[in-house]
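Listed below, chain by chain, are the residues.
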Amino acid sequence: MSCTSRLRCTINGVACDREIDPRLLLVEAVRDVAGLKGTRVGCLTGDCGACTVRIDGAVVKSCLVLALSVEDRAITTIEGAGDLTEIQHAFVAENGFQCGFCTTGMVLTAAELLRDNPRPSEAEIRRAISGNLCRCTGYDGIVAAVRRAAEARARA
Amino acid sequence: MIRSRYRFARPATLEEATALLAAEGGAKVLGGGSVLVPALSAGLEDPGLVLDSGRLGLNRIEATDRAVTIGAGATYAALGASEAVRTRVPLLAAMVAEVTGGPGLWNLATLGGAACHANPASDAPGCLSALDAQFRLACATGSRLVPAADFFRAPFLTARRPDEILTAIVLPVAARPGPSRYLKLKHAASSWPIVTASCLVAGGPGAPRLRLCLGGAAPVPVVAEWPLGSLGPEDAARLAADACGRIETEWTDELAGPGYRRSVAVTMAARALRSVLETPR
């Protein structure tokens, strides 16, 4: 068993195959190797959720993942997720953001909630975003946006 | 970026993994990453080798007549979606539903990792002790099964040796689970637990026993057990006082200073006991 430092994965459908520093976090690989700046570095402790991306379709906090751990996995960032239109419109309509730093994570997390639970209650919405912190404290707008997105999808 | 340098290995087999751990004294096993990776980012860990367990196939959840076996790599999301956990180990299902962190954490963090971290103020140690869990530890020369009472040895310290890796958690289960209740006190949505109370009726139908475990109250989980007999809700306060009398050293940390956990533990214990004893049987 040799120790490796080669990252092989896909990021937004594009194959990535290159030597990297084993100390690189996934969020750092996404931002600084792939150049995708929509994913944010927030707390580096797993609390804030600003670094949320999808690994094989499931949202994860990418500051908790070493880049080399995503070997053979499919990474999707906010730039590459194609199923967010209603949610993005709803966030704009409901003022579901202020500074916007948390929005990437909020939108991706909301999308996973609505995938699994198309008509969530307010309590279910708040539980789903409990790992995504908005330091502008714009939670009411965010919850309203998720509800609006669910209603928009139900009508579609 | 993480400051200190380390080598990174992602072995494909348990044999390779245990050989690496045997050869490397200063290795850290990486599970979901929710504890180790932030510690690396903060410069609190300086391992020679980071061994990623992600390819070892340790994420299965298997049920037999007598046990539910949780692979050490099973995530909270997998546990939450597991029919076996929901129907056979409802206490664990209740605990999993209360884990802090949101789906971005539940999709990667593992019960096995939480057990090995052994933070007194966390969900896993107390709940797993209440369930009489056994921990399967593998090393290059074999494996052993360690009961919870021996596994959680001190704050942030388990019976796992540096050359061992946790492969599974074995939970003995009855054909039909008895009533159970998981309660925790925390002071903010994103907080670690201050005190947890896990209560259930265990043992066979011939000799049912009432078991309570307090997590967070002491450096290691505190378990108390009584024959169920004719105990009822009116006994909850007395039993809670009995259980809390077994807290020798109180656990304190930045979340709760001296005296606090001891004072709230008795209330948490009584609530969990009362809830279980109120369930018709």
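None of these values were measured; they are calculated from a predicted model.

Rules behind the numbers
Residues numbered from 1 in each chain as written. Chains lettered and ligands numbered in written order. Predicted model: local features only at pLDDT ≥ 70, side-chain atom pairs only at ≥ 80, totals over all residues. Helix = DSSP H or I, 4+ residues; strand = E, 2+ residues; numbered from the N terminus. Rg over C-alpha atoms; globule rule 2.2 N^0.38 Å. Buried ≥ 20, exposed ≤ 12 C-beta atoms within 10 Å, placed from the backbone. Contact = placed C-beta atoms within 7 Å. Domains from an automatic or database assignment. Nonpolar A, V, L, I, M, F, W, Y, C, P; charged D, E, K, R; others polar. Pairing = 2+ DSSP bridges. Axes fitted to C-alpha atoms, helices over the stretch in contact; angles between N-to-C directions.

A. Seen up close, the overall build of chain A. Counting its secondary structure elements, chain A contains five helices and five strands. Going residue by residue from the N terminus, the α and β elements of chain A occur as β-β-α-β-β-β-α-α-α-α. Computed over its C-alpha atoms, the radius of gyration of chain A comes to 16 Å, within 12% of the 15 Å expected for a compact globule of 156 residues. The principal-axis extents of the C-alpha atoms in chain A amount to approximately 50 × 30 × 25 Å. Here chain A holds 156 residues, and the buried ones make up 45% of them. Restricting to contacts in chain A with at least 6 residues of sequence separation, those with at least 24 account for 61%.

B. Molecular detail of helix α8 (residues 123–130) of chain B. In terms of burial, α8(B) is largely enclosed, as eight of its eight residues are buried. Phi turns positive one or two residues past the end of α8(B), at D132(B), with a value near 60°.

C. Expanded view of the domain arrangement of chain A. Residue and element names in this part refer to chain A. As assigned here, chain A comprises domain 1 (6–76) and domain 2 (85–155). When each unit is reduced to the centre of its C-alpha atoms, the spacing between domain 1 and domain 2 is 22 Å. Between domain 1 and domain 2, the residue contacts involve eleven residues of the former and ten residues of the latter. Looking at the side of domain 1 that touches domain 2 residue by residue, the class counts come to four nonpolar, four polar and three charged.

D. Representation of unusual backbone geometry within the structure. Notably, T137(A) is not glycine yet its phi reads approximately 60°, a positive angle. Within the element layout of this structure, T137(A) appears in the loop between α4 (122–128) and α5 (139–155). In this structure, A118(B) is a non-glycine residue whose phi angle is positive, near 55°. As for its position among the elements, A118(B) is in the loop between α7 (111–117) and α8.

E. Molecular detail of the sheet that holds strand β3 (residues 52–55) of chain A. Residues and elements named next belong to chain A. Here we have five strands laid out as an open sheet, ordered β2-β1-β5-β3-β4, and mixed in their pairing. Taken across any chain shown, the strands that pair with only one partner, and hence form the sheet edges, are β2 (14–19) and β4 (58–61). The sheet shows a mean angle of 35° between the axes of neighbouring strands, taken without regard to direction. Where β3 lies against β4, four bridges are found, and the strand directions are antiparallel. Bridged to V53 within β4 is V60. Relative to β3, helix α3 (residues 103–116) is tilted by about 40°, and along the sheet it contacts β3 and β4.

F. Up close: the pairing of strand β5 (residues 67–71) of chain B. All names here are of chain B. Judged from the three bridges that link them, strand β4 (residues 61–63) and β5 form a sheet pairing that is antiparallel. Residue I61 lies in a different strand from β5, and its bridge partner there is I70. What sits between β4 and β5 in their antiparallel hairpin is a turn of three residues. Inspection of the sheet shows β5 paired to strand β10 (residues 165–172) by five bridges, in the antiparallel sense. For V68, the partnering residue across the bridge sits in β10 and is L171.

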